[in-house]
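An overview of the molecular structure
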Amino acid sequence: MEIVGKALTTCQVDPTGDSFRIVMEDTDGRPASVVLPTDCLRSLLMTLPNVIEQALKVRYRDDTLKVVYPMGGFSLQAAAGSDSRILTMTTPDGFRVSFALSPEDAGGLATSLVDTDVDQPRAALN
């Protein structure tokens, strides 16, 4: 069965945390939903950014377009039992994502931020 959605309404996690529901409105204005196991969340999180960029490139026929979010803040924490750091970046509206940085990754990021050439070609913002 295929559900063609018009708008995402909400997402809900079941009381046990074993599944989640994506609630939407279909093209006829009726409520519809999809229930998936929470194990699918990581797959969705890893897949959606690529799907968004593919859709932008196809829709606008421009390979430089990227989905870009304004930075609202960040935190850096030591990872327990590791020499890695956890970099968490947030947007002003509450979107948050965390990355594990090895010491080499952290050093490379710091160097890149300091040495950024502002005259390099830029990607289009969308």
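Scroll up a little and you will see the structure.
Overview of the structure. (Residues numbered from 1 in each chain as written. Predicted model: local features only at pLDDT ≥ 70, side-chain atom pairs only at ≥ 80, totals over all residues. Heavy atoms only, no water.)

Before going further, it helps to examine the sheet that holds strand 3 (residues 31-37). Strand order in the open sheet made by the 3 strands is 1-2-3, with antiparallel pairing throughout. Every interior strand has two partners, whereas the edge strands, strand 1 (5-13) and strand 3, have only one. When the angles between neighbouring strand axes are averaged without regard to direction, this sheet yields 25 degrees. (Pairing = 2+ DSSP bridges. Helix = DSSP H or I, 4+ residues; strand = E, 2+ residues; numbered from the N terminus. Axes fitted to C-alpha atoms, helices over the stretch in contact; angles between N-to-C directions.)

Time to look at unusual backbone geometry. Of note, R61 is a non-glycine position whose phi angle comes to about 50 degrees, a positive value. Locating R61 in the fold gives a position in the loop between helix 1 (40-60) and strand 4 (73-78). By relative accessible area, R61 is classed as exposed at 73%. (Buried < 20%, exposed > 50% of the residue type's maximum accessible area, 1.4 Å probe, protein only.)

Helix length check: helix 1, at 21 residues, gives a terminal C-alpha distance of 30 Å against a target of 30 Å (1.5 Å per residue), a fit within 8%. By the largest-angle criterion, T47 marks the main kink of helix 1, which is about 30 degrees, and a proline, P49, follows within four residues. Residue R61 follows helix 1 closely and has a positive phi angle near 50 degrees. (Expected span 1.5 Å × (residues − 1). Bend = angle between axes of the 7 residues up to and from the residue.)

On to the layout of surface pockets. Approximately 980 Å³ is the volume attributed to the largest pocket. Along its surface, the largest pocket is lined by 27 residues, and L45, P49, Y69, F95 and V97 are the ones closest to its centre. Those elements that place two or more of their residues in the lining of the largest pocket are strand 1, strand 2 (19-26), helix 1, strand 5 (85-90) and strand 6 (96-101). Size it by volume and the second largest pocket reaches roughly 360 Å³. Every residue along the wall of the second largest pocket is listed here: M71, F74, L76, L87, M89, L101, A106, L109, A110 and L113. Broken down by secondary-structure element, the contributors of at least two residues to the lining of the second largest pocket are strand 4, strand 5 and helix 2 (103-114). Ranked by the residues each element gives to the lining of the second largest pocket, the list is headed by helix 2, at 4 residues. Split by residue class, the lining of the second largest pocket holds 10 nonpolar, no polar and no charged. (1 Å grid on protein atoms, 1.4 Å probe; cavity = no way out; pocket = protein on both sides within 12 Å on 5 of 7 lines; lining within 4 Å. Points joined across faces, edges and corners; volume = space filled by probe spheres on them. Nonpolar A, V, L, I, M, F, W, Y, C, P; charged D, E, K, R; others polar.)

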